[in-house]
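# Observations on chain architecture
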Amino acid sequence: MAKCKTDCIERPLSLAFEKLGHVVGRYPCVFLLSAICVAASLGAGFIFLQERKANDIEDQFTPVNGPAKLERAIVVENLPQSEEFSQFRLVSEGTYASLIITDLHGENILTEAAFNDIIELDRRVKSITTGNTFENLCAKTKGRCMSNAVLDIINYNATEIVSSNIKYPMNKGTFLGTTIGGVELKPNSSELTSAKAVRLFYFLDEKKTKENSDWLDGFLKLLANATEQKTVHVSYFTSTSRQNEFETNSDSVIPLFSVTYSLAITISILSCSRLDCVRTKVWVATFGVVSAGMAVLASFGLLLFCGMPFAMTVASAPFLILGVGVDDMFIMISCWQKTEVNKDVKFRLAETYKEAGMSITITTLTDVMAFYIGLMTPFRSVQSFCMYTSTALLFCYIFNITFFGACLALNGWREEGNRHWLTCMVVPKATGDDGGCCIGGAYDKNTQKEFEMPVDSFFKKYYGPFLTRAWVKTLVCVIYAGYLAVSIYGCFQIQEGLDLKHLAADGSYVGSYYDKEDEFFSSFGPNVMLVIKDKDFQYWNPAARESLDLCLENFQNLTMADSGISPISWLRAYMQFGQGRGVNLDNEMQFKGPLTAFLNLSGFSQDVNFTNNQIHASRMFIQTVDIHTAIDEKNMLNAFRETAENCGKLQTPVDLIVYHPAFIYFDQYAVIISNTIQNIVVATCAMLVISLLLIPNPLCSLWVTISIASVIVGVAGFMALWDVSLDSVSMINLVICIGFSVDFSAHISYAFVSSEKSSANEKAMDAITKLGYPIIQGAMSTIAGVVVLAAAKSYIFRTFFKIMFLVILFGAVHGIVFIPVFLTFLGTCSSSREKSKPNLPEQNEITALTHDSHVIQNKPADPDCY
């Protein structure tokens, strides 16, 4: 039954490929020029590249429709920003410049000498003029620029820093947790004795976008050109720095393209070269790489024409496409070499297409499907990468069976005329296997085919028999058990989330600033908004207030909340205000009466939306602490949202949301694992279906699926041990992992099942003999396509290399070590084939296909090409 299913699919496709190969072989120039014209025409889409670039970090690297984005919309709608600036009431990061200042020798920064330098730096920053002064652009409160609390405390007089008794983290109602870091306090006191770092902020009015951009550029130029201070070290940053650095990241890989293509051409030529000056495939290998480049040009151009956003992650796709395209080229060359050299070129190409067509179709189908499944992810950067890569793979497939096939035919005509590969001059025919620089065209007189490659002999005579020995198989099982154990251990070490500093290039001033921030200012986390969005909430009702107080207490009791810092609550302040004036705030009329005046006087006017005598929404704030790692960020976000949800279940429900601008990025933790698992499961199931259709044994198809899971576990575990986090970037690569791992496992399993050998060991050796070198070639070509990314100065591109290296390494090891050994243990794989053997055509069966007075050999698909 399984055999019938595969025949129903395989036989018509093989015949279709055979006919296509015949046509391409007959009219190679037509296909060659057509492919070039298509690539050139579609490549014109690159004129839209700058317009289509989508490098907004929030848009590309945070979940589409993430909860925090919906929460932000609620805050913006109900509590619009006032003209009066307040840093912790911002719904975005704001527009600002910042300095983190430390002592040159890592000592106490709270010294007169250090503050002389700090005050001078502050003066120079405020003196920056770019058509507008800081005074004109700054964010203002009560008509004055927002100042830095630590400088206000000493009245901009460095001598006062020693004598000032500064309390920490609250100093006379001012929170200093984000301003002074690395602190030491007097025993049993909140008084500062020393600190390692001071941070200054310079906020600008967000409405003045163009002017702000110019001023921030001036700030960066000032700090980039500033000489080292006498006593302090300065790290600097602006609200646009991360975005600017991210946008320049893709430019850093452009020089690597030429290196990659040169490397790929070199490897292709070396692996396809022979000493025979006629049979060598130098030009074929070169044009195979060109074909992959044309696929990138055409596919990217088409999508740019269609308006598809071009995320920075897409810049790594051409490296991958190159590896895949060259891999398919090796399969076609391998099948070409198994045709009889004395046949007409069009018939040789027809046989090549018949044998190779199914193989490259399986490869393309599995890879493209894996990438299209990646479109399910909520990250636009992943969606963009998957769309561009899957489309490029389709074009790679199309150009392989048109452009490259035409090149193969033209090269076949050269071989048919016994012409030199370089000069195209006719050379004397070799009589045996003694081809050289002046004679060529040697072939095996017995088989009428080209001589076997030396590497194929190695797998046939040495590696295959060695691998199937009993003690070697036992050793392989032990090694696999160790591999699995280390992989599973690594999976439990995976860190989640994309660290924003990784979006900047290595050595960037952005990374230095983030490092200082993590070192000295991670003791205090975000000041989280608690927004009561229920316009019917009765603030004057004692029962409602009791529920609200209980809700706030629940937040305060969280381990990541600072119980020593009271929530910033307009309602508590208003209750004290009312009690001090004898106002009965349990009465709705009296509660609402003096509310407007209180809000304006107390500075809480931005925290309550009181219009038309109704409170539509209000907010309070909870200070978080000890948010050092991505795990802390994830736990904090989950705890706050869970607590907010529980507040809605109280006897008097409090319908509130929690929000902070950083939650936009923290949202990735909520979906990254579940979405990765979803993509992997869906893709693996799809690969199982493909395997069941194309491999005539259900148990072997199941083994293919298990091997895919094995590779995924290995890649996930080892990437964690290689300091790669699970984020939107590595998620891309885990999706890739599925497509590439099935390439190795499905083909080796198919070759095993298709083998006519009698015993399981012989079947394994037969499969290894036929597939060993193609697997090595494919692995080397793919790694060659991405290896230069290891030298990139960007985390994104290095991560791509690391995971692709693991995928190809583990996939290849499974293909030529683990799977052949494990298949020898599955007797049913063998028995299924043996039982159906009488119904199969013999290996030497030949059917006549008459076309142009020639006879074409038509036999079952040879697993050599799989």
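All values derive from a computational prediction rather than experimental measurement. Sequence order as written defines the numbering, with residues in each chain counted from 1. Local features are withheld for residues below a pLDDT of 70 in this predicted model, meaning they are given only at 70 or higher, and side-chain atom pairs are given and counted only at 80 or more; totals for whole chains, interfaces and linings count all residues. Computation of side-chain values: all heavy atoms of the structure, hydrogens and water removed.

### A few points about the pairing of strand β15 (residues 656-659)
- Think of it in three bands: residues with accessible area under 20% of the maximum for their type are buried, residues over 50% are exposed, and the middle band is partly exposed, with areas taken using a 1.4 Å probe on protein chains only. In this text, helices come from DSSP runs of H or I with a minimum length of four residues, and strands from runs of E with a minimum of two, each type numbered from the N-terminal end. Of the two faces of β15, the one holding L656 and V658 and the one holding I657 and Y659 are both buried throughout.
- Strand direction decides the pairing type here: strand β11 (residues 524-532) and β15, joined by 4 bridges, are antiparallel. Bridge pairing links L530 to V658 in β15. Strands pair, by our definition, only if DSSP identifies at least two bridges between them.

### Brief notes about the state of the cysteines
- The disulfide criterion is simple: two cysteine sulfur atoms within 2.5 Å. Evaluated as defined, the whole model comprises 2 disulfides.
- Here C138 is linked by a disulfide to C145, with a sulfur-sulfur distance of 1.8 Å. Taking the sign of the torsion about the S-S bond as the criterion, the disulfide between C138 and C145, at about -70 degrees, is left-handed.
- Judged by its relative accessible area of 2%, C138 falls in the buried class.
- Take C145: its relative accessible area is 19%, and that puts it in the buried class.
- Paired by a disulfide, C551 and C647 hold their sulfur atoms 1.9 Å apart. Here C551 and C647 share a disulfide; its torsion about the S-S bond, 95 degrees, makes the bridge right-handed. Placement of the pair is C551 in helix α20 (residues 542-556) and C647 in helix α24 (residues 630-647), with a sequence separation of 96 residues.

### A closer look at the side chain of E496
- Mapped onto the fold, E496 is located in the loop between α18 (470-491) and α19 (509-520).
- With a relative accessible area of 7%, E496 lands in the buried category.
- Side-chain atoms alone can form a polar contact between residues adjacent in sequence; in general such a contact is a pair of N or O atoms within 3.5 Å, and within protein one must be able to donate a hydrogen while the other accepts it. A distance of 2.7 Å separates the side chain of E496 from the side chain of K634, its partner in a polar contact.
- If we ignore the near neighbours within four places in the chain, the residues touching E496 are A630, K634, Y669, I672, I673 and L726. Only heavy atoms enter the contact rule, under which two residues are in contact if any of them lie within 4.5 Å.

### A closer look at the nonpolar core
- Ranked by internal contacts, the top residues of the largest apolar core, which has 264 residues, are W215, F555 and W570.
- In terms of residues, this core owes the most to one element, helix α30 (residues 795-823), which gives 19 residues.
- Excluding residues that lie within four positions of it along the chain, W215 makes contacts with A97, V125, I128, T130, N132, F134, L137, Y202 and L204. Within this scheme, the nonpolar core is defined by two criteria: the residues are buried Ala, Val, Leu, Ile, Met, Phe, Trp, Tyr or Cys, and they are joined through side-chain atoms within 4.5 Å.

### Quick look at the packing of α18 against α30
- A fitted line through C-alpha atoms serves as each axis, taken over the contacting stretch for helices, and the angle formed by two N-to-C directions is quoted from 0 to 180°. α30 packs onto α18 with a crossing angle of 135 degrees between their chain directions and a minimal axis gap of 10 Å. Comparing their axes, α30 and α18 come out oblique. Like other packed secondary-structure pairs, α18 and α30 cross with a definite hand, here left-handed. Where α18 abuts α30, its residues K473, V476, C477, I479, Y480 and Y483 lie against F810, H814, V817, F818, V821 and F822. Oblique is the label for any angle not under 35 degrees, not over 145, and not in the 65 to 115 range, which are roughly parallel, roughly antiparallel and roughly perpendicular in turn. The sense of a crossing depends on the near helix, which, turned anticlockwise from the far helix by less than a right angle, makes the crossing left-handed and, turned clockwise, makes it right-handed.

### Considerations on the environment of G182
- Tracing the backbone through its elements, the reader meets G182 in the loop between β6 (180-181) and β7 (184-185).
- Residue G182 is classed as partly exposed on the basis of its relative accessible area of 29%.
- Placed 328 residues apart in sequence, G182 and V510 show a C-alpha to C-alpha distance of 20 Å.
- If we ignore the near neighbours within four places in the chain, the residues touching G182 are S194, A195, K196 and F520.

### Overview of the side chain of R545
- Its place among the elements puts R545 in helix α20.
- Residue R545 is classed as buried on the basis of its relative accessible area of 10%.
- Here W540 takes part through its backbone oxygen, which lies 3.0 Å from a polar atom of the side chain of R545.
- What R545 contacts, discounting residues up to four positions off in sequence, is Y539, W540, L571, M575, L585 and D586.

### As for the pairing of strand β13 (residues 608-611)
- Sheet topology note: the β13/strand β14 (residues 614-625) ladder contains 4 bridges and is antiparallel. Bridge pairing in β14 links F610 to I615.
- Where β13 folds back on β14, the antiparallel hairpin that results is connected by 2 residues, among which N612 adopts a positive phi of roughly 55 degrees.

### Quick notes on the sheet that holds strand β1 (residues 95-103)
- Taking strand neighbours across the sheet as the criterion, the 4 strands line up as β6-β9-β1-β10 in an open arrangement whose pairing is antiparallel. Pairing within the sheet leaves two strands with one partner each, and these edge strands are β6 and β10 (232-238).
- Bridge count for β6 against strand β9 (residues 197-204) is 2 bridges, and the pairing is antiparallel. Looking across to β9, one finds that I180 is bridged to V198.
- Across the sheet, helix α6 (residues 112-126) touches β1, β9 and β10, and the angle it forms with β9 is around 15 degrees.
- Here α19 sits on the sheet and contacts β1, β6, β9 and β10; the angle it forms with β10, its principal contact strand, is near 110 degrees.

### A word on the packing of helix α13 (residues 282-305) against helix α16 (residues 380-416)
- One way to put it is that α13 packs onto α16 with a least axis distance of 7 Å and a crossing angle of 140 degrees. In the packing of α13 onto α16, the handedness of the crossing is right-handed.
- Across the contact of α13 with α16, the residue classes break down as 21 nonpolar, 6 polar and no charged. In this classification, the charged set is Asp, Glu, Lys and Arg, the nonpolar set is Ala, Val, Leu, Ile, Met, Phe, Trp, Tyr, Cys and Pro, and all remaining amino acids, among them Gly, are polar.

### Description of helix α2 (residues 28-43)
- For α2, which comprises 16 residues, the first-to-last C-alpha distance of 22 Å matches the rise-based estimate of 22 Å (1.5 Å per residue) to within 8%.
- Turning to α2, its buried residues are P28, F31, L32, A35, A39, L42 and G43. Along the axis of α2, the buried residues cluster in a sector spanning 115 degrees; they form a single face. Residue count minus one, scaled by 1.5 Å, sets the expected span of a helix. The arc in question is traced by the directions running from the helix axis to the C-beta atoms.

### Structural notes on the packing of aromatic side chains
- Classification of ring pairs rests on two measures: the distance between centres of Phe, Tyr or Trp rings, Trp counted by its six-membered ring, which must be within 6.5 Å, and the angle between planes, read as stacked under 30 degrees, edge-to-face over 60 and tilted in between. The tally for this structure, following the rule as stated, stands at 55 aromatic pairs.
- Pairing F134 with W215 gives two aromatic rings, centres 5.5 Å apart and planes at 40 degrees, and the pair type is tilted. Taken together, the positions of F134 in helix α7 (residues 134-137) and W215 in helix α10 (residues 209-225) put the pair 81 residues apart, joining distant regions of the chain. Of the two residues, F134 and W215, both sit in the buried class.
- The structure contains a cluster of three or more aromatic residues connected by ring pairs, namely F85, Y96, F201, F203, F237, Y513 and Y514.
- Criterion for a charge above a ring: Arg CZ or Lys NZ at most 6 Å from the ring centre, at most 35 degrees from the ring normal. Directly above the ring of F521 sits R199, whose terminal nitrogen or CZ lies 4.4 Å from the centroid.
- Sitting over the face of the ring of W336, R348 holds its NZ or CZ atom 4.1 Å from the ring centroid.

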